Amino acid sequence: MKLSCFLLLLFIEIYHTKHISSTGNAISISLERKPLTWEKLASAVKETVAFHTEEMIDEWGIPLQNERGGVGYLAQVSIGTPPQEFAMDLDTGSPQLWVVSKRCNSYNCVQNTHHFYYHENSTSYKPPSKPKCWYFIRYGKGEVQGNCSIDTVSIGGVALNNTEFLEVTYISQDYPEGTNEGLLGLVYDSINQSDIISQICRVKKQDSKFSFYFNKNISDTYGGELTLCGIDESKFNGPLHYVNETQPFGQWIIPFNGISLPNGKNLLGDLNSENALIDTGTSVIGGPSKYIDAITEAANATLTRGARLVNCSTIDKLPTITITIEKREYTFKGEDYIYKLNLNDGSETKCLLTFSPIRGNKRYSWIFGDSFLRKYYSVFDLKNHRIGFAESIHSPKAN
């Protein structure tokens, strides 16, 4: 058995669930931003040059392909009866659901985990149906391992009984620091529709889809919103532009036709199409180094501790970058692709170029992460195997 997902260890932004509301049968979950230090930011950016395909190996020695997206957006997920609450990463680059067990006593668990899962405290817990169900997940930096468990999993107020997940009992010390409570992968099973989002939407009797709105104002504690089984039309302008996924479905990979600077030259040259992973677990737009170097030069950015920095006073003068997807142009001004990080209580500011080099694989060579998704509202349509985009409205306030 093989599973495919994607790895880019990046910690630029962390969000927490703040509020849950329902409109009709859709569920809206607000996300709250948690600021990070320059040290963590600089360390994280260095990881973008180390993009690996890793293996997840089970008890039977079968290789399961795994490339995991790093910490990006966190939502409250509860497991067990009575419910135990966890802040989990929301990641469209991963299919896994895992939570840190109270039996995890490795350094990274003890130092960086706030809440642990106690299966003995849950009346709905069941041992796995497969005997000796054990997983070892190796990432580009660090690893986790643990056992399969079955319990009731709830998100957005919808409880799913008898859900299997990984109960992590070990996190290596070199695993990147962050909120190590768990991960909710949003890659889906297009054949069996056994993923959590599909199950929630069947309960709500709605089409299987979910949507993201990310607040452009990164200094605001309101980070954005995840909508399950629906779309929040108050968060974007104009019609949605839908793009069909490439096969195999469920990986959130789409084709695009070009990326260009103001001189009109397509950096992709004679290539008719490239593939991009749309990944909420990555904070940058990542691509092959030769193209990122051209953008770096055009922005007059300098490489500092692994980060591409620009003079903050030049943001308004930076070139507009255009990404073309099925003849539709998605434009990014300097303010859209520069991350401003305030340091020392606001007395110092670093301005980071959010285009970064990666090594892709046979399925895709680019990643469109949060710096793309902050500008454009995104709809992940599981039923029709497509992703929709529309320009976000950046005036909404947290509910």
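Presented here is a report on the structure given in the accompanying data block. (Residues numbered from 1 in each chain as written. Predicted model: local features only at pLDDT ≥ 70, side-chain atom pairs only at ≥ 80, totals over all residues. Heavy atoms only, no water.)

### What about helix α4 (residues 289-298)?
Our working rule: Here's how the labels work: a residue is buried when its accessible area is under 20% of the maximum for its type, exposed when over 50%, partly exposed in between, all with a 1.4 Å probe on protein chains only. In this text, helices come from DSSP runs of H or I with a minimum length of four residues, and strands from runs of E with a minimum of two, each type numbered from the N-terminal end. It is the directions from the helix axis to the C-beta atoms that the arc portrays.
Every buried residue of α4 is listed here: Y291, I292, I295 and T296. Projected down its long axis, α4 shows its buried positions confined to an angular sector of 140°, all on one face. Seen from the open side of α4, the exposed residues pointing more than 90 degrees away from its buried face are K290 and E297. Taken from the residues just after α4, N300 is the one with a positive phi, measuring 55°.

### Overview of the nonpolar core
To keep things clear, this is the line we draw: Grouping buried Ala, Val, Leu, Ile, Met, Phe, Trp, Tyr and Cys residues that are joined through side-chain atoms within 4.5 Å yields what is termed a nonpolar core. In what follows, a contact means two residues having at least one pair of non-hydrogen atoms within 4.5 Å.
Counting residues in each nonpolar core, the largest one holds 69 residues, and the members touching the most others are F210, L228, W366, F368, F372 and F389. Looking at this core, the element that brings in the most residues is helix α3 (residues 196-204), giving four residues. Excluding residues that lie within four positions of it along the chain, F372 makes contacts with I285, I323, I325, Y330, F332 and F389.

### Things to note about the environment of D89
Relative to the helices and strands, D89 resides in strand β6 (residues 84-91). With 92 residues separating them along the chain, D89 and E181 place their C-alpha atoms 8.4 Å apart.

### Looking at the sheet that holds strand β25 (residues 355-357)
For clarity, the cut-off: Think of it this way: DSSP has to see at least two bridges between two strands before they count as a pair. What counts as an axis is a line fitted to C-alpha atoms, over the stretch in contact for a helix, and the angles between N-to-C directions run from 0 to 180 degrees.
Taking strand neighbours across the sheet as the criterion, the five strands line up as β15-β17-β26-β18-β25 in an open arrangement whose pairing is mixed. Edge positions in the sheet fall to β15 (253-256) and β25, since each of these pairs with one other strand and no more. The average angle at which neighbouring strand axes cross in this sheet is 30°, direction not considered. Inspection of the sheet shows strand β17 (residues 274-278) paired to strand β26 (residues 366-368) by three bridges, in the parallel sense. Bridging from a neighbouring strand, L277 pairs with I367 of β26.

### What about the packing of aromatic side chains?
The line we're drawing: Pairing of aromatic side chains here covers Phe, Tyr and the six-membered ring of Trp, requires ring centres within 6.5 Å, and sorts the geometry by plane angle: under 30 degrees stacked, over 60 edge-to-face, intermediate tilted. Charge-over-ring placement is defined geometrically: NZ (Lys) or CZ (Arg) within 6 Å of the ring centre, and within 35 degrees of the ring normal.
Following the criterion strictly, the structure yields 23 aromatic pairs and no others. Measuring from ring centre to ring centre gives 5.8 Å for Y330 and F372, while their planes differ by 40°; the resulting arrangement is tilted. Of the two residues, Y330 is situated in strand β22 (residues 328-332) and F372 in helix α6 (residues 370-373); the sequence distance between them amounts to 42 residues. Both residues of the pair, Y330 and F372, count as buried. Through a chain of ring-to-ring contacts, three or more aromatic side chains come together here, namely F256, Y291, Y330, F332, W366, F368, F372, Y376 and F389. Sitting above the plane of the F332 ring, K375 keeps its charged end 5.5 Å from the centroid. Of note, R386 hangs over the ring of Y242, and the distance from its end group to the ring centre comes to 3.6 Å.

### A look at the sheet that holds strand β21 (residues 321-325)
Strand order across the open sheet formed by three strands is β16-β21-β22, with antiparallel pairing between neighbours. Both edges of this open sheet fall to β16 (258-260) and β22, since each of them pairs with a single strand only. Recorded for the sheet is a direction-independent mean angle of 20° between the axes of neighbouring strands. As judged from the three bridges shared by β16 and β21, these two strands associate in the antiparallel manner. Each residue of the ladder has a partner; that of S260, found in β21, is T322.

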